[in-house]
Amino acid sequence: MNTIPIYFNGESRAIPDGTTLQQALALLAPGGAPDHSPVATALNGSHVARPRREHVRLAPGDHITTFTPIVGG
């Protein structure tokens, strides 16, 4: 299996080539970041909405950042 290097919350990691953002979260996030968890994601500094995660394929050197979304007004 070929792997690619990425960064997850600032840490260098290797994931299988062809991995989507959703799959990467399942592999790397504490508890797997299930669909109902309050985790927001950014890829290379741009927000990725939860429904798009399964369609975004990661590339070598991508930076994934997870954070707790801020809600309210």
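See the structure above.
Here the residue numbering is sequential within each chain, running from 1 through the sequence in written order. Where totals are concerned, whole chains, interfaces and linings use all residues; where local detail is concerned, this predicted model gives features only for residues with pLDDT of at least 70, and gives and counts side-chain atom pairs only at 80 or more. With hydrogens and water excluded, all non-hydrogen atoms of the structure serve as input to the side-chain values.

For the overall build of the protein chain, give the residues involved together with the corresponding values.
Each helix and strand in the protein chain was counted, giving one helix and five strands. Reading the helices (α) and strands (β) of the protein chain from amino to carboxyl end gives β-β-α-β-β-β. We call two residues contacting when some pair of their heavy atoms lies within 4.5 Å. Taking contacts inside the protein chain between residues at least 6 apart in sequence as the whole, the part at least 24 apart equals 50%. Per-residue and other accessible areas follow the Shrake-Rupley method at a 1.4 Å probe size, with only the shown protein chains counted as cover for residues. Accessible surface for the protein chain amounts to roughly 4,600 Å². Of this, 54% is attributable to carbon and sulfur atoms. To qualify as a helix, a DSSP run of H or I must reach at least 4 residues; to qualify as a strand, a run of E must reach at least 2; elements of each kind are numbered from the N terminus.

Please set out helix H1 (residues 21-28) residue by residue, giving values where relevant.
The periodicity of an α-helix, 3.6 residues per turn, causes residues three or four places apart in sequence to face the same way. Taken together, the buried positions of H1 are Leu-21, Gln-22, Ala-24, Leu-25 and Leu-28. Projection of H1 onto a plane perpendicular to its axis shows the buried side chains occupying an angular sector of 160°, all on one side. Residue burial is assigned from relative accessible area. The probe radius is 1.4 Å, only protein chains are included, and a residue is buried under 20% of its type maximum, exposed over 50%, and partly exposed in between. By arc we mean the arc of the directions from the helix axis to the C-beta atoms, nothing more.

Help me get a handle on the environment of Thr-65, residues and values and all.
The residue Thr-65 is located in strand S5 (residues 63-67) in this model. Residue Thr-65 is classed as partly exposed on the basis of its relative accessible area, which comes to 37%. Between the C-alpha atoms of Thr-65 and Gly-45, which are 20 residues apart in sequence, the distance is 7.7 Å. Ignoring anything within four residues of it in the chain, the contact list for Thr-65 reads Asn-9, Ala-40, Thr-41 and Ala-42.

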